[in-house]
Every structure is written in C-alpha cells, then in structure tokens.
Amino acid sequence: MASSSGPALNEELLCSICLEVFTDPVTTPCGHNFCRSCLSKCWTDTQTCFCPLCKDTFSRRPDLKINTTLREVVQHFKEKLNLGESEVFCDACGERKQKAVKSCLMCQSSYCETHLEPHLRVPRLKKHKLISAVENLEDYICQKHERPLELFCRDDQTCVCLSCTEGEHRTHNTVPIEEESREKKFSLVQTQTDVHQMIQDRMKKIQEIQHSVELRKRNTEEEKSSSVELFTDLIRSFERCQSEQLKMMEEQQKAAEKQAEDLIKELEQEITELKRRNTEQLSHTDHHLHDTQMSSSLYSRPHTRNWTEIRIDSDVNVNSLYGALTELKKTHETLNEKLRQTGLKFVQKFAVDVTLDPDTASPYLILSEDGKQVSDGDIEQDIPENPKRFDEGSCVLAKQGFSSGRFYYEVQVKGNTEWVLGVVRESINRKGDIIPSPEDGIWTIGLIDENHYAVIDSPMHIIPYKVKPEKVGVFVDYEEGLVSFYDVESRSHLYSFTGQTFTEKLYPYFSPGDNDEGENSNPLIISPVS
C-alpha cells in the first residue's frame, strides 16, 4: 500500500488505482498517470475506455506508451529513499544469479557488480549507455532502429533514438533525455507546489464555509431568541392588558352593585318613613284639627331625594375599554417596529464594500473617481470598447462579485426621479437591450414614477409606496436564493425574490436612469452602512 512507499515519497508518484509507486507509468489523453498493468486490468472486458480518475471517456482505446520521464523520476525517488533496491537479476550470471546494478542499453542486458566490470574498464564498452537496472529493457530501445532511446522529441512528446532524428523527427525539437528529465523534474516540483497550494486554499475554504455555517447558526439562534422575546413581550402585554381590563370591569361592577345596594336601602327607608307619616295623618283626621300647631308638620311635604336624576348605568365603561385596547394596539405597533428594525439590523451585519467597475459602465454614465457615485451625463462619451461594457441602457456593475454566502449594501437614491438597483449574474447579456427578469439573470427593483416602484418578477409587480425611499438596502443570501430590498430610513421591507437558484457569480447592479434634461441628474451614491 501507499504506506509502504515511505512518508517522504510525494503522493503524485503514486498510482491512484493500486496506491503503490508507479510501475511502468502510462499517461491517458486527459493527462492522468497510472501503472500500465493497473490501467490494462481496469479496461479489461469493457467496450468504453475511460479515465479512472476524472471519468473522461475515449472514443477509441488509446495507444498507451510508457512515460519514460515519469518512470525515471519515480526511479530517482526510489533510489533517494532507499526504495530502489533492484529486483532485476544479472543476465550474465550462471545458476546463482546476483541482483543487477546496471542495465546496458547497447548490450540490452543487465549486470551485477562483477559482470559490470568490463563496461567500466574496456574502452569500447565504456562508451555504452548504462542506466539503473530495469526489467523491461525493450522499453528503452527504439523498436524501429534497435538503438537506445537517448533523445526526447518535444514536438511529439516521445523518446527517440539518433536514427529517428535523421528520419521523421529530423526537423523536430529534440533534446537529450537527461535534459528533459531535469526539466520535467523541476516542472513536477513546481506542480507539486501548486497542488499543495491548491490543497491549502481548499482546506482554508472549507474552514471559511464551516465558520460561515457556525456564524449563521449563531446568528439564527440570536434572532430566534430575539423574536421569541419580542413575541413573548407582546403576549405578556396582551395578557396584562386583558387582566387589567377584566379587573377594572369587575371593580366597576362591584361599585355599581354597592351603589345600587345603598340607593335601595335609602329608598326603603324613605318608603318606611312615608308609610309612617301616612298612618299618622289618618289618625289625626278624627280630631277635627283641634291642635293646629302640633299637627302642621303632618301636612307639610316630607323632605326626600329627587330620584328622577338617579340612575344606575347598565353599560360597561366603553371609554376605559377603548383606552386599554388603544394602549394594547400601541404596544403591538411598537413591537412590530422592533421586529422590522431587527430584520434590517440582521441583514446589515453582512455589509460589504462595493465600488463601481468603469469597464462595465455604459457610454452615457459618469462615475466618480472613488467609484462610489454614478449619474447619467446625457451625452455619449468616447470610451474604449470592452466585452464587459453595457452598450445600451444606463447601467454599471460593481467590481466585486459573489458566488456564495450573504452580502448587503446600501445606495442613496434621494432626489432621483428614476433608478434601478439589484444584482445580476455574471453571464448577463451586455450588448443590446436588457430584459430585467430573473429568467434573464436580473433581480432588480426600480422607481418608475412619483408614487410607484416596479419589480420584474413572475409576473411584474407595480407597488405603491407611502414614503418615497431616500436610501435603499440590497441583501442577497446566495444559498437560500433570496434577494431582498429595504427602505433604510423607515427600516421597512420593500420586496423579496425568494426561491431563486444561483449557479454563477452575482454582481451588484446600478442604473441611475436617463438624465431627462437635468430632471434626474442626481447621482446614485453607494453609502457606508451604519
């Protein structure tokens, strides 16, 4: 397994099929390397040949040749890590064969230290090409000319012999294999460095994504807690108001009952007194009024209350109830306002710094030097052609694009009679008329007259506004497919595109509208989020 290759061996020298160090490495048309035997087994009994790593399919079975440069690199690493002990045996030994230490390309044989001695001593043999002992010597010999493959053809990316350079490779760029090997090794080191950096970048991106998820989870919990607290306050306020109102009504009922009881007692007392006086008057009529002075009080009108003005109100105190409900309504409105402010406060956490991209601005627009303001100049300017530039309409994109996460920015639109704001996908058509719809990769809101703004959705929405926005906030949640717009001053929500699917980078979009002979000359201003 890979562990047998030693921890210091670079992973790029391992076959992704057997996970061992390459043996006779071959390269597929898509550029990936495998052991020749591993790839052959993989393609056994299959009609369609494909790369085991990237799954690219090939219309016909490739004619695979050993990547001799890579094989030498592998051999170099094996020797460096003491993994290259040859299992090739000497061709000159008798019955008890010794391990070979070198292979001769001219003799096409491998030799142990004893039988290699002539090649190190005899002048004629010293001219032979010796390499580290290898098993398949035929792979190092030109099958056409039977001469050592000493050169590398950069035009055809294959090893050739001297005779090849006198024939079909005569005009090609050929270099010694050793030189190509050195360059390939250097290139491999560079590639390894690049791959290592790519791995580090992706590990960092994983950490960023994990951090974003944790941050979102934490923010969600905070917002849930805040919302629960607000709604709990609302419920408690309602319950408290309800309890107080019921208590007040009960107290009013008891007071009414007490008042009625006292009045009844007083009435009963007056009735008793009137009955008594009536009896006394009847008893004195038989005396023929002989004692006028003593009986005069019997004939005078008794002092009683004027009961015509006395009444018990059977109606509930409507004013008190109305006052309680009014107070409850105020509390509800206050909590609703807090909820609205909490929503805007939440999205403002994702504020980003955006600047306008002059390479995308249509010829009629005027941008400030700091890239924060844009207005329509009413005159076409002579500016360089650019494939990123809009040639129609009055629009410009931000330099910054976003392909994940959330972002938010604010734009001052005060004094403008026309404007359009939002986001667009990177591949939006920039030449000719612009169709502002999600199907065409545009999610915008725009002021169309003094009383309405329009949203091109499915279908189009014309929405009246109570207060003309002076500053508009734009929020995007890429993963949730959400684009929302806010009136920053009133801290109210204007409109949201929901359930969208984003598959490419999104760019903030700005259109100050036509100049209208100076009537709409105020610039749109990208404002810092406070």
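Located above this text is the structure these notes cover.
For the structure given in this document, a descriptive report is provided here. Predicted model only: the values in this text are computed from it and were never measured. Just so you know, the residues in each chain are numbered from 1, in the order the chain's sequence is written. It should be noted that, the model being predicted, local features are given only for residues of pLDDT at least 70 and side-chain atom pairs only at 80 or more, the latter also being counted only at that level, while totals for whole chains, interfaces and linings use all residues. As a convention, hydrogens and water are excluded, and side-chain values are obtained from all of the structure's heavy atoms.

With that out of the way, let us pick up the layout of surface pockets. Here a cavity is any set of points on a 1 Å grid over the protein atoms alone where a 1.4 Å probe fits but cannot get out, and a pocket is any open set with protein on both sides within 12 Å along at least 5 of 7 lines; a residue lines the site when it has an atom within 4 Å of a point. Grid points are joined across faces, edges and corners, and a volume is the space filled by probe spheres set on the points. The volume enclosed by the largest pocket comes to roughly 1300 Å³. The helix count covers DSSP runs of H or I at least four residues long, the strand count covers runs of E at least two residues long, and both are numbered beginning at the N terminus. Where the lining of the largest pocket is concerned, the elements lending two or more residues are α2 (68-80), β9 (158-160) and α6 (177-284). Here the residues of the lining of the largest pocket sort into 19 nonpolar, 14 polar and 10 charged. Only Asp, Glu, Lys and Arg are considered charged, only Ala, Val, Leu, Ile, Met, Phe, Trp, Tyr, Cys and Pro nonpolar, and every remaining residue, Gly among them, polar.

Any two strands are treated as partners once DSSP identifies two or more bridges connecting them. The strand order across the open sheet built from 3 strands is β6-β5-β7, with neighbouring strands paired in antiparallel fashion. Each edge of the sheet is formed by a strand with only one pairing partner; in this case those strands are β6 (109-111) and β7 (130-132). Neighbour-to-neighbour, the strand axes of this sheet turn through a mean angle of 35 degrees, independent of strand direction. Inspection of the sheet shows strand β5 (residues 102-104) paired to β7 by 3 bridges, in the antiparallel sense. Across the sheet, the residue bridging to Lys102 is Ser132, located in β7. Note on contacts: a residue pair qualifies if any of its non-hydrogen atoms lie within 4.5 Å across the two residues. Geometry is summarised by axes, namely lines fitted to C-alpha atoms with helices restricted to the contacting stretch, and by angles between N-to-C directions that run from 0 to 180 degrees. Contacts from helix α3 (residues 113-121) reach β5, β6 and β7 within the one sheet, and its direction differs from that of β6 by about 110 degrees.

Moving on, we come to the pattern of salt bridges. Pairing between side chains becomes possible if they bear opposite charge and their charged atoms approach one another. One side-chain nitrogen of Lys or Arg within 4 Å of one carboxyl oxygen of Asp or Glu is enough to make a salt bridge. As enumerated under the stated definition, the model contains 15 salt bridges in all. Here Arg71 makes a salt bridge to Asp139, at a shortest N to O gap of 3.7 Å. Here Asp139 lies in the loop between β7 and β8 (151-153) and Arg71 lies in helix α2, a separation of 68 residues in the sequence. With respect to burial, Arg71 and Asp139 carry one shared label: buried. Where Lys372 meets Asp353, a salt bridge forms, and the shortest distance between an N and an O atom there is 2.4 Å. With Lys372 in the loop between β11 (365-367) and β12 (373-376) and Asp353 in the loop between α8 (318-347) and β11, this residue pair connects regions lying 19 residues apart in the sequence. When a residue's accessible area, from a 1.4 Å probe over protein chains only, is under 20% of the maximum for its type it is buried; when over 50% it is exposed; and in between it is partly exposed. Given a relative accessible area of 17%, Lys372 falls into the buried group.

Another point: the side chain of Asn515. Counting through the fold element by element, Asn515 comes out in the loop between β22 (506-511) and β23 (524-527). A relative accessible area of 10% places Asn515 in the buried class. Within polar-contact distance, the side chain of Asn515 engages the backbone oxygen of Asp376 at 2.9 Å. In protein, a polar contact requires one atom able to donate a hydrogen and another able to accept it; more generally it is a pair of N or O atoms within 3.5 Å, and residues adjacent in sequence count only if both atoms are side-chain atoms. Within the local environment of Asn515, its side chain forms a polar contact with the backbone nitrogen of Gly518, the two atoms lying 2.5 Å apart. Setting aside residues up to four positions removed in sequence, Asn515 forms contacts with Asp376, Asp378, Asn520 and Ser521.

Before going further, it helps to spend a moment on the sheet that holds β11. Within a beta sheet, neighbouring strands are joined by backbone hydrogen bonds and run either parallel or antiparallel to one another. Strand order in this open sheet of 7 strands is β11-β12-β23-β14-β19-β20-β21, and the pairing throughout is antiparallel. A single partner strand is all that each edge strand has here, and the edge strands are β11 and β21 (492-497). Taking the axes of each pair of neighbouring strands and ignoring which way they run, one obtains an average angle of 20 degrees across the sheet. Pairing of strand β14 (residues 406-412) with β23 involves 3 bridges; the strand directions are antiparallel. Bridge pairing in β23 links Val411 to Ile526.

The next subject is unusual backbone geometry. A negative phi holds for most residues other than glycine; trans holds for most peptide bonds. The backbone phi angle of Glu146 is positive, close to 55 degrees, even though this residue is not glycine. Among the structural elements, Glu146 can be located in the loop between β7 and β8. Located in the positive-phi region is Asp378, a residue other than glycine, with phi close to 70 degrees. Relative to the helices and strands, Asp378 is located in the loop between β12 and β13 (396-397). A relative accessible area of 43% places Asp378 in the partly exposed class.

It is worth spelling out a nonpolar patch on the surface at this point. Patches draw on residues past 30% relative accessible area with no salt bridge. Two like charges within 9 Å are joined, as are two nonpolar side chains (Val, Leu, Ile, Met, Phe, Trp, Tyr) within 5 Å. Surface exposure here means Shrake-Rupley accessible area, sampled with a 1.4 Å probe, where a residue is shielded only by the protein chains that are shown. Among the surface-exposed residues, Ile448, Met460 and Ile462 lie close enough to one another that they form a single nonpolar patch of about 280 Å² accessible area. When you line up the elements, Ile462 lands in strand β18 (residues 460-464).

Here we take up the pairing of β23. Two strands pair when backbone bridges link them, and β12 and β23 are joined in this way by 2 bridges, in the antiparallel orientation. Counted as the bridge partner of Gln373 is Ile525 from β23.

Our working definition of a disulfide is a cysteine sulfur pair at a distance within 2.5 Å. If you walk through the whole model with that rule in mind, you get 0 disulfides. We note that Cys159 lacks a disulfide partner, and the nearest cysteine sulfur, in Cys153, lies 9.9 Å from it. Classification of Cys159 by relative accessible area gives buried; the value is 14%.

With that out of the way, let us pick up the environment of Ser496. In this fold, Ser496 is placed in strand β21. Taking the C-alpha atoms as reference, Ser496 lies 9.5 Å from Ile445; in sequence the two are 51 residues apart. Not counting the four nearest positions on each side in its chain, Ser496 is found in contact with Leu482, Val483 and Ser484. A polar side-chain atom of Ser496 sits 2.5 Å from a polar atom in the side chain of Ser484.

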